[in-house]
Amino acid sequence: MPTVLVSTTRTASSNTADADTAADQVDEVLRGIEGVQHVQWTAGSSGFIPGMMGAADEATFTVLTDSSADQQRIHQQARDGLAGLSDAAEVRLSAASGM
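Taken residue by residue, the chain gives an average pLDDT of 80. The fraction at 70 or more is 74%. At the low end of the mean pLDDT range in the chain sits strand E2 (residues 36–48), at 79; at the high end sits helix H2 (residues 71–83), at 93. When the criterion is pLDDT under 50, residues 48–55 qualifies, and its contacts beyond four places in sequence or with other chains add up to seven contacts.

As structure tokens, this is what we get:
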């Protein structure tokens, strides 16, 4: 099963509710793409980095897709949908080996 990895990083929020809301928005975009079968995500803080203001909230999404679906279309729809989210400061999308 083809796998897409999505990582989001945003400036640390003052509460976990904001981080959860942002991750839920990414989850909703990914689940709305035809050909996406499963989405699993984890979220947390990367901790303080010297010289940087505060920490960054990170979420990593593992997306399993239908092997018969157009993978390039899925990637493009994910990019387009995630680009419209204001809470995700940085989004990285990559393909991974299927299981």
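We are not done yet, so read on.
The nonpolar side chains of soluble globular proteins are, as a tendency, buried together. Judged by nonpolar contacts, the single largest core of 17 residues is most densely connected at Val 6, Leu 30, Phe 61 and Val 63. Listing elements by their share of this core, those giving two or more residues are strand E1 (3–11), helix H1 (16–31), E2, strand E3 (55–65) and H2. For Leu 30, the residues in contact, after removing those within four places along its chain, are Val 6, Val 36, Val 39, Phe 61, Val 63, Ala 78 and Leu 82.

Inspection of the entire model under this criterion finds one aromatic pair. Taking the centre distance of 5.8 Å and the plane angle of 35° together, the rings of Trp 41 and Phe 61 count as tilted. With Trp 41 in strand E2 and Phe 61 in strand E3, this residue pair connects regions lying 20 residues apart in the sequence. For Trp 41, a relative accessible area of 26% corresponds to the partly exposed category.

Here is what the cut-offs are and how they apply
- Residues numbered from 1 in each chain as written.
- Predicted model: local features only at pLDDT ≥ 70, side-chain atom pairs only at ≥ 80, totals over all residues.
- Heavy atoms only, no water.
- pLDDT = per-residue confidence, 0-100.
- Helix = DSSP H or I, 4+ residues; strand = E, 2+ residues; numbered from the N terminus.
- Contact = heavy atoms within 4.5 Å.
- Core = buried A, V, L, I, M, F, W, Y, C linked by side-chain atoms within 4.5 Å.
- Buried < 20%, exposed > 50% of the residue type's maximum accessible area, 1.4 Å probe, protein only.
- Phe/Tyr/Trp six-rings, centres within 6.5 Å; stacked < 30°, edge-to-face > 60°.

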